[in-house]
Amino acid sequence: MRLQRGARAGAIMLLAFVAGLSGLELFLRTTGASAPPFARADTLLGYARIPGASVVYYSDGMRIDRVNWAGLLGPNVAKARKAGVLRVALVGDSFVEGLQLPDPATVRGILERSLRERTGAPVQVIDLGFKAFHFMDFWLVARTLAREWAPDVTLITLRGASFVQDPRRLGPWYYLSGDSIGIDRSFIHSRRYIVGERLSALRRFGLYSLCFRAQWNFAGGWWKTFVFGKAARWVGLVERRFFREQPGKAPVTLDRELVNRVLDDYARWNQEGSLRIVLVDGGDVDPATIDAARRRGLPMIRVGSALDALRARGIDPNFWKAVGFDEHWNAAGQRAVARELARSLLSDGDLPVGRRNVRRISPRAR
Amino acid sequence: MRMRPGFAPVPACCATRACCAKRCPWFRMIAVVRQGSVPGYPNNVLFNSYVFLLFMAVVLPAWHVLPRRYRNGLLLAASYVFYAYWDWRFVFLLLASTLIDYHVAGAMHRQPVSSRRKLLLLISLVANLGILGFFKYFNFFVDSFARIGEVFGARPDALHLHVILPVGISFYTFQTLSYTIDVYRGRLEPSRSLRDFALYVAFFPQLVAGPIERAVNLLPQISRTPEPSREDVRAGLVLITTGMFKKVLVGDTCGRFADQVFAQPHVYSSPFLLAALFLFSIQIYADFSGYSSIARGTARLFGIHLMVNFEQPYLSANITEFWRRWHISLSSWLRDYLYIPLGGNRKGSRRTLINLFATMLLGGLWHGAGWNFVFWGGLHGTYLAAHKKRLGSRKAPYGFRGGTLADVLKFIAGVVATNILVLMSWLFFRAHDVQTTRYFITHIVSWRSAPFAGRVLEMCIGYGVTVLVLDLLEYCTGTHEYLLRLARPARIGFVAAAWTGVLLYMFSSRSMPFIYFQF
């Protein structure tokens, strides 16, 4: 009798728990408090967006959007390009990705508008920015994704932080292999990749909101985050202190030779005409790299002065974070960068001005 | 000096990080207010943080284990540690306020001469309001006079001080003031125990953001050193659960949207602006009522019953009812210690309206040292005065009393109209400068839709329905502890589900400080 009563109470408890979680799930989904993940683990780049996924992003900024059919941010654009359409590919990290602002306020949106106004031609700017990508990832993106879009110009936006690769990140590891660049994709066997994949699979059962949170915790070292909460930060500090010198465990600055190989590739592509690469110095890029790019005849646009001009006027070009490592460009910063890019592209002759020139320069249009 | 998308103005050096950020007092103060946490710096013990859970895990068992005569001492020590965790220096301010009012009230009680009693009251008022005035309003008045001075070519900028606003100063000042005034009016015997009085001022669950407790209610409970019953513990846990749910899952998530849009309104379209205003109205309610519930629940675990601070204000059918349901401890304080002493409704209808307006104007100023708060208070004063004028000698209706379909429709229309008025006023409360306010108004009025407006509408409906359901549960059951009405297994199941969500969010995102901490 007592056992029966206990079982009944247990069943009611379980039922109430499940009902509560379902209510919570409904709340999280409708309010967007926890959006389903719009990105997934990817075997090529380690990170890819899910085509058609809804984007509800909150961090230093906010964006409510939808990933386009091609897995990119921005409007739906067909890969096949109509004649006369000017196309610019933007390759970079989270600064270019611009998840912090609605599309019209990002570098992509403003650059597209500015170029359209200045050239009078239809312009498409393709956002190939991905958070946490570095110099070598840009090279891989340019080699693979950018080519598919056949742009007139590919802008590769570099920053000081772009020259560090972190072995703890889910993504390929680049190394020198004789005359070529080797790509190690062993990350697909890592625990985090596998767990992330499995958790993503739970989306099929509609558990994505709470699951997203769980996934987040796993990505940050779930046991640390869940058990210690904010103390994870202290644990992380201790970890870094003890394991800093351990090979392969700490972020490392890219080998100079590796950087030079990539710059050689860019110069070669420019000569061949397979891709027109223009480097963008987004700030803090070391002088040796800038010199190396110049020696190879790679065009470079420096947007640092535009950002400095903003600062001189007392306008902060970055989102303000009390504690943070990436201070992304805010609306003012994105606007300044985009306008500087548009101005430089047109004045340096990287892009044609006027419809007649557009038709002439777009033979690659498919 | 520019206004930042937070709560405090930031000097240009902070904007450009020209200073050493960690040493800069501005950086530190604003970071604490906005982020709730800065590595290497002390912080508020936020209710929605693991530190608070650890704090309670130590204090609560220790309090239960101790003999009764030591319990208040422990609670007092814990309350001071709680406050010192933010900034130990301001503990002395709290202590000073406590000592002044304890001794003044004692002397007042012993003093038979009316004029001397008045003088003692004046000393207490000057001391308390002086401290509050300096820490909270000094720069506000200096800056306001500076603008006037600029017209005549004067430059009084040098008077501007970088004063840190002590957390909870408005709350504990009003609490100690009510004690002294009640003793002066002969409504209360002064406390004989300094320890108990100090605990009344510094009791940690309500120290930093209320409810602004009356000594008549709290002091006798403290003096008795109550033994919490099983009912108290159950109710306490349920209140903490609902409070945490409101704060972490409703308030904080709404706040993320509202904060972003208010920070850079010019990059968002009309639907986003209206949604931000709507979500801010939900955020401030969920945040503050959530805090009050956690405070009440925490106090119940120690056997202390704090007053109810919110009674489903967004279900009010008129503005007078709204103020009877919103931040009840403040509105009743303003009524008893400001509106009634000003004459209340006893000096004619015209004076009543002026009294109402003046009370709300000062109520607005209590919220923050800024003209936007004054305007917000003035707007509510105007609403209340207009409603009072319309009512005449009749009493404002309170709550839904049932009746015909026409009555139901009238009630719903009243609720909608009241909410629209309140929503409009929140714009002045949240937008800290005229430009932002103007931008919001012009872009909402000249409506231009944008992509994803549907998604934003869906989000607003989601939050609105959630808050409505939570309020209706309280409204219909007539209690905040409605979960206690459920059978034990069902209650445990729901509480466990709520805590699953709360913990996942609490530990995986930044703790957002309570909005009212800044007041």
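Residues numbered from 1 in each chain as written. Chains lettered and ligands numbered in written order. Predicted model: local features only at pLDDT ≥ 70, side-chain atom pairs only at ≥ 80, totals over all residues.

### Observations concerning unusual backbone geometry
Negative phi is the rule for most residues except glycine; trans is the rule for most peptide bonds. Convention followed: Labels follow the DSSP assignment, with helices taken as runs of H or I lasting at least four residues and strands as runs of E lasting at least two, numbered in each case from the N terminus. Comment: burial labels come from other C-beta atoms within 10 Å of the residue's own C-beta, placed from the backbone, where a count of 20 or more is buried, 12 or fewer is exposed, and between is partly exposed.
Although it is not a glycine, A:Ala150 sits at a positive phi angle of roughly 45°. When you line up the elements, A:Ala150 lands in the loop between α4 (135-149) and β7 (153-158). Positive phi values are uncommon outside glycine, yet B:Thr225 reaches one of about 50°. With 19 C-beta atoms packed within 10 Å, B:Thr225 lands in the partly exposed category.

### Quick look at the pairing of strand β12 (residues 277-281) of chain A
Residues and elements named next belong to chain A. To be explicit about the condition: DSSP-based pairing: two strands are paired if at least 2 bridges between them are found. Looking down the strands as they point away from the viewer, one classifies a crossover as right-handed if the path from the first strand across the helix to the second runs clockwise.
Counting buried positions along β12 gives 4 out of 5 residues, so the element sits mostly inside the fold. In this sheet, β12 lies alongside β7 in parallel orientation, the contact comprising 5 bridges. Paired with threonine 154 across the bridge in β12 is isoleucine 277. Across 3 bridges, β12 lies against strand β13 (residues 300-302) in parallel orientation. Within β13, the residue paired with leucine 279 across the bridge is methionine 300. In this fold, β12 hands off to helix α10 (residues 287-295), which returns the chain to β13; that crossover is right-handed.

### A closer look at the confidence of the model for chain B
All names here are of chain B. Defined as follows: The predictor's confidence in any single residue is recorded as pLDDT, a number from 0 to 100. We call two residues in contact when their backbone-placed C-beta atoms lie within 7 Å.
The share of residues in chain B with pLDDT of 70 or more is 86%, and the mean pLDDT across the chain is 83. Long-range and interchain partners of residues 1-42, a stretch whose pLDDT sits below 50, account for 78 contacts in this model, where long-range means more than four residues apart. Complex prediction metrics read pTM 0.84 and ipTM 0.80.

### Section: the nonpolar core
Heads up, the rule is: Working definition: the nonpolar core is a set of buried Ala, Val, Leu, Ile, Met, Phe, Trp, Tyr and Cys residues, joined through C-beta atoms within 7 Å.
Ranked by internal contacts, the top residues of the largest apolar core, which has 198 residues, are B:Ala276 and B:Leu279. With residues up to four places along the chain from it excluded, the contact list for B:Leu279 reads B:Cys254, B:Phe257, B:Ala258, B:Cys460 and B:Tyr463.

### A word on the environment of B:Phe262
Relative to the helices and strands, B:Phe262 is located in helix α11 (residues 230-263). Along the backbone, B:Phe262 and B:Thr437 are 175 residues apart, and their C-alpha atoms lie at a distance of 9.5 Å.

### Observations regarding the sheet that holds strand β6 (residues 123-129) of chain A
All names here are of chain A. What counts here: Think of each axis as a best-fit line through the C-alpha atoms, taken over the contacting stretch in the case of a helix, with angles from 0 to 180 degrees between the N-to-C directions.
Spatial ordering of the open sheet is given by β6-β5-β7-β12-β13, a layout of 5 strands whose pairing is parallel. Sheet topology places β6 and β13 at the edges, where each strand pairs with a single neighbour. Recorded for the sheet is a direction-independent mean angle of 20° between the axes of neighbouring strands. Seen against the sheet, helix α3 (residues 107-119) touches β5 (86-92) and β6 and runs at an angle of roughly 160° to β6.

### Section: the domain arrangement of chain B
Reports of interface size often rely on the accessible area that becomes lost once the parts have come together. All names here are of chain B. In plain terms, the rule: Each domain's extent is set by a domain assignment, obtained either automatically or from a database. Gly is put with the polar residues, along with every residue not named as nonpolar or charged; the nonpolar set is Ala, Val, Leu, Ile, Met, Phe, Trp, Tyr, Cys and Pro, and the charged set is Asp, Glu, Lys and Arg.
Looking at chain B, the domain boundaries give domain 1 (2-35), domain 2 (56-225) and domain 3 (229-317 + 399-406 + 443-508). The C-alpha centroid of domain 3 is placed 30 Å from the C-alpha centroid of domain 2. Counting from both sides, the interface comprises 11 residues of domain 2 and, opposite them, 12 residues of domain 3. Those elements that place two or more of their residues in the side of domain 2 that touches domain 3 are α3 (50-65), α9 (204-207) and α10 (215-224). Across the side of domain 2 that touches domain 3, the residue classes break down as 6 nonpolar, 4 polar and 1 charged.

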